[in-house]
Amino acid sequence: MGFVSSARIYRHAESEGYVVAGFDSYCLEVIQAHVIAANAENAPFLLQVTPKGLRQIGLGYFTAMARALISNSTVPVAMHLDHGTSLDEIQPCIEKGFTSVMIDGSKLSFDENIEITRRVVKIVHRRGVTVEAELGRVLGKESDIEVKNGEESYTDPDAAVEFVRATGVDSLAVSVGTKHGFYRKEPLIDFERLAAIHERVRVPLVFHGGTGLGPEIIDRASKLGVRKINIGTLIKHAFTSGVKEYTHAHPDEIDPRRILGHARDNTVKELRAVCRMFGSSGKNWLK
Ligand SMILES: [Zn+2]
């Protein structure tokens, strides 16, 4: 099976009222964990990687692994570039068959963000690729984007209307209180703002910083037009804890297959729980 566009997945998520997970990728065993978890849950998902992830894995290796893994997958999957910051980063991914990209102009001025997003939309729409952009600034660090305490800013509903109209973007990442990384205290989501954006902006909305959001937040967000939530920190944590757990219990173990195999299994467990919480479990329309 080939990759589908994320627009296709969002349409289904919208009609069935669920949130799709965007799983970030770091190495082979992590990508395997995504595919195993999503197939066990029968959940469509976005297989994501950031430019930083691609510098680690290599674009050719990433797409080859992704293709090999989803050739046995029975759930719809989109291959998505997370936090792309320029056409130079985006174009090679399109050439290699990505079906979805994010252009993150959130650190630019409003007009510059419109300008670059519009250019990306114009170029990649010809290939049937879905574009996500971001308006407002989500706190924390992801790939090459870092927003420090005090530098974050929430998405303005009026600006969101103008931005979507001016760019023709397919989905919009909003800043309403989520953050990249771990939450030190209970996340406080500005649902009034989210409702105001959803009322006036017709495209699917995206949350970055999904790790640590509880079922009530997911449920309310889903009712207010959020169709994708990104998961990165949880994956890093599940995988690395798996490695630590195994090497602690078996200090003499030198076989990477056992150590990384345990880390992968641990990640699968966590990701299956995410699919269930997001309501994407059992939403495989191909079955
Ligand atoms: Zn992000």
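Below or above, wherever it landed, is the structure these notes cover. (Residues numbered from 1 in each chain as written. Predicted model: local features only at pLDDT ≥ 70, side-chain atom pairs only at ≥ 80, totals over all residues. Heavy atoms only, no water.)

## Some thoughts on the environment of V129
Here's step 1: Inspection of the secondary structure puts V129 in the loop between α6 (110–125) and β5 (130–135).
Here's step 2: The buried category is assigned to V129, whose relative accessible area is 4%.
Here's step 3: Between the C-alpha atom of V129 and that of D24, which follows or precedes it by 105 residues, the distance is 19 Å.
Here's step 4: Non-local contacts of V129, meaning those with residues more than four positions away in its chain, are made with I94, F98, T99, S100, V101, V124 and D170. (Helix = DSSP H or I, 4+ residues; strand = E, 2+ residues; numbered from the N terminus. Buried < 20%, exposed > 50% of the residue type's maximum accessible area, 1.4 Å probe, protein only. Contact = heavy atoms within 4.5 Å.)

## Details of the sheet that holds β5
Working definition: the strands of a sheet are paired by backbone hydrogen bonds and lie parallel or antiparallel to each other.
Here's step 1: In space, the 8 strands of this closed barrel follow the order β1-β2-β3-β4-β5-β8-β9-β10, with parallel pairing throughout. Averaged over all adjacent pairs, the angle separating strand axes in this sheet is 25 degrees, with direction ignored.
Here's step 2: As defined by bridge partners, strand β2 (residues 45–49) adjoins strand β3 (residues 77–84) across 5 bridges and the pair is classed as parallel. Note on β3: the bridge partner recorded for F45 is V77.
Here's step 3: On the sheet, helix α4 (residues 59–70) packs against β2 and β3 and is oriented at approximately 155 degrees with respect to β3. (Pairing = 2+ DSSP bridges. Axes fitted to C-alpha atoms, helices over the stretch in contact; angles between N-to-C directions.)

## What about the coordination of the zinc ion?
Here's step 1: Around the zinc ion, the donor atoms from the protein are H83 (NE2), H180 (NE2) and H208 (ND1), and they sit 2.0 to 2.1 Å away.
Here's step 2: In primary sequence terms, the donor set of the zinc ion follows H-x96-H-x27-H. Taken together, the positions of H180 in the loop between β8 (171–174) and α8 (191–200) and H208 in the loop between β9 (205–207) and α9 (215–223) put the pair 28 residues apart, joining distant regions of the chain.
Here's step 3: Residue class for H180 comes out buried when judged on its relative accessible area of 7%.
Here's step 4: Using a relative accessible area of 0% as the deciding quantity, one classes H208 as buried. (Donors = N, O, S within 2.8 Å, 3.2 Å for Na, K, Ca; no water.)

## Describing the nonpolar core
Here's step 1: Membership of the largest hydrophobic core comes to 76 residues, with the highest contact counts inside it found for F23, F62, V101, V120, L172, L194 and F207.
Here's step 2: Sequence-distant contacts of F207, defined by excluding residues within four places in its chain, comprise V174, V176, T178, I189, L194, L213, A221, V226, K228, I229 and N230. (Core = buried A, V, L, I, M, F, W, Y, C linked by side-chain atoms within 4.5 Å.)

## Structural notes on the pairing of strand β10 (residues 226–231)
Here's step 1: With 6 of 6 residues buried, β10 lies mostly within the body of the structure.
Here's step 2: Looking at chain direction, β9 and β10 are connected through 3 bridges and run parallel. Opposite V206, over in β10, you have K228 as the bridge partner.
Here's step 3: At this point the chain moves from β9, through α9, to the parallel β10, and the crossover so formed is right-handed. (Right-handed = clockwise from strand over helix to strand, strands pointing away.)

## A look at the packing of aromatic side chains
Here's step 1: According to the stated counting rule, one finds 3 aromatic pairs in the structure shown.
Here's step 2: When the centroid spacing of 5.7 Å and the interplanar angle of 40 degrees are considered together, the rings of F23 and F45 count as tilted. Taken together, the positions of F23 in strand β1 (residues 20–24) and F45 in strand β2 put the pair 22 residues apart, joining distant regions of the chain.
Here's step 3: Residue F23 is classed as buried on the basis of its relative accessible area of 0%.
Here's step 4: Look at F45 and you get buried, because its relative accessible area is 0%.
Here's step 5: Relative to F163, the ring of F110 has its centre 6.3 Å away and its plane inclined at 45 degrees; by these criteria the two rings are tilted. One end of the pair, F110, is in helix α6; the other, F163, is in helix α7 (residues 157–167), and 53 residues separate them in sequence.
Here's step 6: Since its relative accessible area comes to 27%, F110 is described here as partly exposed.
Here's step 7: Residue classification places F163 among the buried positions, given a relative accessible area of 0%.
Here's step 8: In this arrangement the basic side chain of K179 is found over the ring face of Y183, its NZ or CZ atom lying 5.9 Å from the centre.
Here's step 9: One Lys or Arg, R220, reaches over the ring of F191 and ends 4.0 Å from the middle of that ring. (Phe/Tyr/Trp six-rings, centres within 6.5 Å; stacked < 30°, edge-to-face > 60°. Lys NZ or Arg CZ within 6 Å of the ring centre and 35° of its normal.)

Note that every value here comes from positions in space, so none of it alone points to a role or purpose.
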